[in-house]
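Given next are the chains, with one letter for each unit.
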Amino acid sequence: FDVWLPGMGVLYEVNASTRVVAGVHRGFATPTNAPGVDPEESINYELGVRHDSGRNSLEAMFFFNDYDNLVGVCTNSSGSDCSPGDAFNGAGVHIPGLEFTYSTWFEAGAGWELPLQIVYTWMKAEFQTDFDSEFFGEVNKGDPVPYIPENQLWASLGLKKGPWSFHLSGNYLDSVCTEASCGPWEKTESAMLFDLSGPFRINDRWTLYAVVENLTDEVYIAARDPYGARPNKPRTVLAGARFDF
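Model, not experiment: these values are computed from the prediction.

1. Examining the environment of T216
Next up, step 1: Mapped onto the elements, T216 comes out in the loop between β16 (206-213) and β17 (221-223).
Next up, step 2: We classify T216 as partly exposed; its relative accessible area is 46%.
Next up, step 3: With 19 residues separating them in the primary sequence, T216 and R235 have C-alpha atoms 7.1 Å apart.
Next up, step 4: When sequence neighbours within four positions are dropped, the list of residues in contact with T216 reads F194 and R235.

Have a look at this one:
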């Protein structure tokens, strides 16, 4: 069958450093070939401002995602009584949100630079109808969509000079509901995680890198499906080389 996916974007330059952007786009996704499962359809709106001034860059964006049918797909970690790849209808969902991005850099002396970037996202994903689903469970209007955090904050501070660079990043993860009903034992824990990375650029194509994920070895409940409370990934050290074609 044919699918029509129209979209429109508008950009207005207020002045040399400030722009207003807006857009409306239709979304569509075919889950699987499972019988009786309707495709996912949505209309997505966005409106925001972008401002660049010297070293500073700021973006503030409002978005609203209106799903006619949010599709849930069974995975090995979903926890439902289903086979991986099975798909289920999730009815209507509204997701209003705000996202703020700020970046700048400072001089640290001796040729070193300190780049800084901050990203904050707020979302409120809620079901808009009452229904009972094998995958989503018993859902009432206003229930939260599982595993979508309301607040997220990411910040990164770097140190760069020539081929050397180091980056310390912090990522705040809000607690989320693991089921739409969001009962006492159906939520994860919030957490603040730190990562440290140190890439070294040998030339235009080769880069060596080392990464320490979860630097402080923070432990929290990251999920409750499929077999009860589960922790996050412990401190992990990675090293390697990257080649750009």
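This is not the end of the story, as more comes after the structure.
2. Considerations on the side chain of S156
Next up, step 1: For S156, the position within the fold is in strand β12 (residues 151-161).
Next up, step 2: Excluding anything up to four places from it in sequence, S156 contacts P115, L116, Q117, H167, L168 and S169.

3. Here we look at the state of the cysteines
Next up, step 1: Taken as a whole and assessed by the stated rule, the structure comprises 1 disulfide.
Next up, step 2: A sulfur-sulfur separation of 1.9 Å characterises the disulfide bridge that pairs C177 with C182. Where C177 bonds to C182 through sulfur, the torsion about that S-S bond is close to -65°, and the disulfide is left-handed.
Next up, step 3: On the accessibility criterion, C177 (12% relative accessible area) is buried.

4. Quick notes on the confidence of the model for the protein chain
Caution applies to low-pLDDT parts of the model: their predicted coordinates are not meant to be read in detail.
Next up, step 1: For the protein chain, per-residue confidence averages 90 on the pLDDT scale, and residues scoring 70 or more make up 93% of the total.
Next up, step 2: Taking the mean pLDDT of every element in the protein chain, the minimum, 75, falls on strand β6 (residues 87-89) and the maximum, 98, on strand β14 (residues 191-197).

Conventions we followed
- Residues numbered from 1 in each chain as written.
- Predicted model: local features only at pLDDT ≥ 70, side-chain atom pairs only at ≥ 80, totals over all residues.
- Heavy atoms only, no water.
- Helix = DSSP H or I, 4+ residues; strand = E, 2+ residues; numbered from the N terminus.
- Buried < 20%, exposed > 50% of the residue type's maximum accessible area, 1.4 Å probe, protein only.
- Contact = heavy atoms within 4.5 Å.
- Disulfide = S-S within 2.5 Å.
- pLDDT = per-residue confidence, 0-100.

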